[in-house]
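# Residue-level structural notes
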2 protein chains.
Amino acid sequence: MENTKVGIVGLGNVGSGVARLLLEESERMTRHAGHQLVLAKAVVRDLSKPREIDLPADVLTDDLASITDDPEIRVVAQLIGGTDVARTVMLRLLESGKDIVTANKALLADHGPELFDRARELNRSIAFEASVCGGIPIITNIGQCLSANQITSLSGILNGTSNFIVSRMEQEGADYPAAVAEAQRLGFAEADPTMDVDGTDAAQKLSILAHLAFGARVHWDEIPRIGIDTLDAADLKYAKELGYRIKLLAIAKLNGELELHVSPTLVREGRPMAEVREAYNAVTVVGDAVGRVFFHGLGAGQMPTASAVVSDLIDTAVGRTRITFQTLELWSGRAPRVKLGDHADARGRFYLRFTIRDHPGVLGDIAGVLGRHDISIASVIQHEPEVHGEDELVPLVIMTHVASEGAAHAAIEEIDSRDYTLQKSVRMRVLD
Amino acid sequence: MENTKVGIVGLGNVGSGVARLLLEESERMTRHAGHQLVLAKAVVRDLSKPREIDLPADVLTDDLASITDDPEIRVVAQLIGGTDVARTVMLRLLESGKDIVTANKALLADHGPELFDRARELNRSIAFEASVCGGIPIITNIGQCLSANQITSLSGILNGTSNFIVSRMEQEGADYPAAVAEAQRLGFAEADPTMDVDGTDAAQKLSILAHLAFGARVHWDEIPRIGIDTLDAADLKYAKELGYRIKLLAIAKLNGELELHVSPTLVREGRPMAEVREAYNAVTVVGDAVGRVFFHGLGAGQMPTASAVVSDLIDTAVGRTRITFQTLELWSGRAPRVKLGDHADARGRFYLRFTIRDHPGVLGDIAGVLGRHDISIASVIQHEPEVHGEDELVPLVIMTHVASEGAAHAAIEEIDSRDYTLQKSVRMRVLD
């Protein structure tokens, strides 16, 4: 086989890692692809910006046409962020006959159907392993390796920033703002970490995985989500007392209809998912034949993400991507195979924390409200009262048996309206 | 694309699972392969044997020629065990123009080079995802998904039977024979579990993974291995005191030369590998770009293994296997890329347990022997003496810093020759 000429658009952190692998590990790439991958052009916006990697002079350019006009460049890693320019560039690349590899999850979450349709019309392919969970090859595992299965559920720690922050809160007893500041200092959180900590990033990734695994067509904005930005260190402490850790989990569960949500969730200690620390990501996939498979790795960072991009470049260069792309018909005009269920009907166990006035009959009233909403109690922890100013606050933690989201929501609304409730109650799902 | 006609040879436990998926989940297979996979023939030795699955009358046959003579059958799942008949059948199938999918790890470990060479000569392919770790798609992950990386180490719990037995010893304080009996009663161990518990099975799988990841050409019989059949419940207890669990790990580590071995190994609690329970398998792969990726799933059993076989059938039917097979040139005439290092030079931390007579100066003498062999001590546990008949046995547990296998072996030989040593000393590696 002849060489494959490769282009890169966007030479940021990930793009530089991709360039480095292609340039410095050329012999390895040749061995794994059966032929040579040659970095022909790398397109950047600002040629004068200092780069962490030295590129041959004829490779670096600020002219996208040097790729689109070169029919010898077959495969392009499109690594610019955002969604507007990225979409335009992606369309130009497809229209000039390139197969695309991308790491841009927001682009796919917002414009997947348009881009995939266009690629199909033009008989091109799009590979996107790096768009979800960086170094964990979850896209190929779901789309190819587990293809004998009906996936019945997915659950994952898809946002490394959130996991880092929650791990620090847990290990060091830090409160949320301190943990965020530490994550920023160490480079695990952006200056504005909103999209990471409010669940948006995880919901975007979940929408991609849910399409791949279930044929769902759900925009990330429709996915109910709670971030870690409202997480209270007290709940980490109580969860630990109960033998649980709290993780920001993205969940997809098929039960006739599809349940999707992102929220802080209690995971029992000793389960692999509970042991995911720092900025690691993890995904559990349950298939009807394979059972439970668990993947754990670095979900972000320059070289883990570059690893995913380059494996996609190899897959595209050798022809595997084209087959997978044609076979799976992702984001095609086909009707979605599953319907998103009403979140109020989603069922699971709950962790509830009430902050109440120390007063006879309160526990009985709460138990009564829960009972009337068909929520049965699995365990209760009531500690000694804490004195805050004039009030004696009693934290009351209840673990429930399986109940619906709707019932839990309604019961908590009712309890929150009681005079004895001193703070908004907390409710979190418990992983099955 | 037209239908792909598929044959199965061997309708045991896994073969029946594969037939069930092809027959009962036909619509799903069509969706994931982009065209229909049709089970055309299933060849068995004994037609009169009752089967757990009802096959159409024209599918079940005892005549291999009904597959080899039918040019319309393109892909065959070769699922008979053992190595002699399996090798002959595999060659006949290849020579009749079939692409092969197999779950037979012993066959590949013993005859891989011959079979892969023959397949290449005949322009056919062999897929073998199911041969290692059943439901964990480790072959595709190493061979394809992590292809941007130089793998630097692999460590895995590759034998579910051993893990089940060790888990039971640990959780229930059972001794080895009782745990084996329970594993047999529950169907997790064969009537003769020798190959599982003495490390042979894990070494065979490791030889396959080491070829794939490092280009090593090492016969499993050259891999130093210790099974769990000599594991003493006392060591599980001491390991636990130190915050470790014991797992039968298969290790491959690249450090200039390649270190390969299979042995019971201490793994620190809280690491995902330590949390692998029951008959689950797990593999950690470290790549120079991706970092550490951890996979966990069911390593055996009918449907997890069938899941791997059927995903290989789909990959072969759509053409991905052919590409991977041609690209990777596995077990080709190419020289091995790495050399197996001398096991005596392999380095790691050790857990040592001495059983000594309670006598002044003994600890000093042991420390002296270790020191002369350049082994430094990280921690010591010495408990009260236990009285056994006339002797007072003192168990002395030492965790070392990094030392070589050769030094540890020599030091233990020396200590075992001392008068104060009452039982053969125990030495186990500690996972880095």
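Residues numbered from 1 in each chain as written. Chains lettered and ligands numbered in written order. Predicted model: local features only at pLDDT ≥ 70, side-chain atom pairs only at ≥ 80, totals over all residues.

With that settled, consider the overall build of chain A. Scanning chain A from terminus to terminus reveals 15 helices and 17 strands. Since a compact globule built from 432 residues should have a radius of gyration of about 22 Å, the 24 Å found for chain A is in line with a globular shape. Projected onto its principal axes, the C-alpha coordinates of chain A cover approximately 80 × 45 × 35 Å. (Helix = DSSP H or I, 4+ residues; strand = E, 2+ residues; numbered from the N terminus. Rg over C-alpha atoms; globule rule 2.2 N^0.38 Å.)

Expressed as a screw transformation, the operator carrying chain B onto chain A has a rotation angle of 180 degrees and an axial translation of 0.0 Å, and the superposed copies differ by an RMSD of 0.0 Å. Considering both components of the superposition, the chain copies are consistent with a two-fold axis. When the interface residues of chain B are mapped onto chain A, 100% of them again lie at the interface, so the same face is used by both copies. (Least-squares fit on C-alpha atoms with pLDDT ≥ 70 in both. Contact = placed C-beta atoms within 7 Å.)

Each strand in a sheet pairs with its neighbour through backbone hydrogen bonds, running either in the same direction (parallel) or in the opposite one (antiparallel). Residue and element names in this part refer to chain A. Spatial strand order, E3-E2-E1-E4-E5-E6: six strands in an open sheet with parallel pairing. Each edge of the sheet is formed by a strand with only one pairing partner; in this case those strands are strand E3 (60-61) and strand E6 (126-127). The sheet contact formed by strand E1 (residues 4-9) and strand E2 (residues 37-43) spans six bridges and is parallel. In the strand pairing of E2, Gly7 is matched with Lys41. Against the sheet, helix H4 (residues 84-95) contacts E1, strand E4 (73-78) and strand E5 (99-102), and its axis sits at roughly 170 degrees relative to E4. (Pairing = 2+ DSSP bridges. Axes fitted to C-alpha atoms, helices over the stretch in contact; angles between N-to-C directions.)

With parallel pairing, the six strands of this open sheet are ordered in space as E3-E2-E1-E4-E5-E6 (chain B). Among the strands making up the open sheet, the edge pair consists of strand E3 (60-61) and strand E6 (126-127) of chain B.

All names here are of chain A. When its domains are assigned, chain A resolves into domain 1 (4-134 + 304-328), domain 2 (138-299) and domain 3 (345-430). If you average the C-alpha positions of domain 2 and of domain 3, the two centres end up 25 Å apart. Each partner contributes residues to the interface: domain 2 has 13 residues there, and domain 3 has 11 residues. A total of six residues in the side of domain 2 that touches domain 3 trace back to one element, the largest contributor, which is strand E9 (residues 257-268). The residue inventory of the side of domain 2 that touches domain 3, partitioned by class, reads six nonpolar, three polar and four charged. (Domains from an automatic or database assignment. Nonpolar A, V, L, I, M, F, W, Y, C, P; charged D, E, K, R; others polar.)

Turning to the interface of chain B and chain A, a few remarks are in order. With 45 residues of chain B at the contact, the number on the chain A side is 45 residues. Among the secondary structure elements, those contributing two or more residues to the side of chain B that touches chain A are helix H2 (26-33), helix H6 (138-145), strand E11 (291-298), helix H12 (302-318) and helix H13 (320-328) of chain B. Among the elements that line the side of chain B that touches chain A, the one with the most residues is H12 of chain B, at nine residues. Looking at the side of chain B that touches chain A, its residues break down into 21 nonpolar, 19 polar and five charged. In the sheet, strand E11 (residues 291-298) of chain A pairs with E11 of chain B via three bridges, with the strands oriented antiparallel. Bridge pairing links Phe295 of chain A to Phe295 of chain B in E11 of chain B.

Let's shift gears to the packing of helix H7 (residues 160-172) of chain B against helix H8 (residues 176-185) of chain B. All names here are of chain B. For the pair H7 and H8, interaxial distance at closest approach is 9 Å and the crossing angle is 125 degrees. Between H7 and H8, the angle is such that the two are oblique. For the pair H7 and H8, the sense of crossing is right-handed. Facing Thr161, Phe164, Ile165, Arg168 and Met169 of H7, the residues of H8 in contact are Tyr176, Ala179, Val180, Glu182 and Ala183. In the contact of H7 with H8, the residues fall into seven nonpolar, one polar and two charged. (Parallel < 35°, antiparallel > 145°, perpendicular 65-115°, else oblique. Left-handed = near helix turned anticlockwise from the far one by under 90°.)

Let us now look at unusual backbone geometry. All names here are of chain B. Even without being glycine, Asn123 reaches a positive phi, approximately 60 degrees. With phi around 50 degrees, Glu278 is a residue other than glycine that occupies positive phi space. Counting through the fold element by element, Glu278 comes out in the loop between strand E9 (257-268) and strand E10 (280-287).

Here we come to the pairing of E9 of chain B. All names here are of chain B. Counting buried residues along E9, 10 of its 12 residues qualify, which places the element largely inside the surrounding structure. Bridge count between strand E8 (residues 244-255) and E9: 12 bridges; the pairing is antiparallel. Looking at the pairing, Ala250 lines up with Val262 of E9. Here E8 folds back onto E9 in antiparallel fashion, the turn holding one residue, of which Gly256 has a positive phi close to 80 degrees. Two strands pair when backbone bridges link them, and E9 and strand E17 (residues 421-430) are joined in this way by two bridges, in the parallel orientation. Note on E17: the bridge partner recorded for Thr265 is Arg429. (Buried ≥ 20, exposed ≤ 12 C-beta atoms within 10 Å, placed from the backbone.)

Turning our attention to the pairing of E17 of chain B. Sheet topology places strand E12 (residues 347-357) of chain B next to E17 of chain B; seven bridges connect them, and they run antiparallel. Directly across from Arg353 of chain B, in E17 of chain B, lies its bridge partner Val426 of chain B.

Of all residues in chain A, 100% attain a pLDDT of 70 or more, and the chain-wide mean is 95. Two summary scores accompany this predicted model of the complex, namely pTM at 0.96 and ipTM at 0.95. (pLDDT = per-residue confidence, 0-100.)

Residue and element names in this part refer to chain A. Following both chains from N to C, one finds helix H5 (residues 105-121) and helix H10 (residues 200-214) inclined at 60 degrees, their axes separated by 9 Å at the closest point. Comparing the axis directions of H5 and H10 gives the class oblique. As H5 runs across H10, the sense of the crossing is left-handed. Taking contact as the criterion, the partners of Lys105, Ala106, Leu108 and Ala109 in H5 are, on H10, Gln204, Lys205, Ser207 and Ile208. Of the residues belonging to the contact of H5 with H10, the class tally is four nonpolar, two polar and two charged.

Turning next to helix H11 (residues 233-241) of chain A. Residues and elements named next belong to chain A. Along H11, the residues that are buried comprise Asp235, Leu236, Tyr238 and Ala239. Seen end-on, H11 carries its buried residues on one side only, within an arc spanning 170 degrees. Downstream of H11 by one or two residues, Gly243 has phi in the positive range, about 90 degrees. (Arc of directions from axis to C-beta.)

Below, the discussion takes up the environment of Ala77 of chain B. All names here are of chain B. Positionally, Ala77 belongs in strand E4 (residues 73-78). Put simply, Ala77 and Ala103 are 26 residues apart on the chain and 8.3 Å apart in space, counted from C-alpha to C-alpha. The contacts of Ala77, once residues within four sequence positions are left out, are Val6, Ile8, Val18, Val101, Val309 and Leu313.

The next thing to look at is the environment of Val276 of chain A. As for its placement among the helices and strands, Val276 of chain A is situated in the loop between E9 and strand E10 (280-287). With sequence-adjacent residues up to four places away left out, Val276 of chain A is seen in contact with Ile157, Asn163, Lys247, Ala282 and His296 of chain A.

Another aspect to go through is H2 of chain B. Along an α-helix, a turn takes 3.6 residues, which lines up residues three or four apart on a common side. Of the positions making up H2 of chain B, those classed as buried are Met29, His32 and Ala33 of chain B. Buried positions in H2 of chain B, seen along its axis, are confined to an arc of 90 degrees and lie on one side of it. Turning to H2 of chain B, the residues buried within the fold contact helix H13 (320-328) of chain A together with helix H1 (13-24), strand E2 (37-43) and H12 of chain B. Positive phi appears at Gly34 of chain B, one or two residues downstream of H2 of chain B, with a value of about 80 degrees.

So, on to the environment of Lys247 of chain A. Residues and elements named next belong to chain A. Tracing the backbone shows Lys247 in strand E8 (residues 244-255). Under the C-beta neighbour-count criterion, Lys247 is labelled buried, with 25 such atoms within 10 Å. Measuring from C-alpha to C-alpha, the distance between Lys247 and Val267 comes to 7.0 Å, with 20 residues separating the pair along the chain. Ignoring sequence-local partners within four residues, the contact set of Lys247 consists of Ile157, Asn163, Val166, Thr265, Val267, Met273 and Val276.

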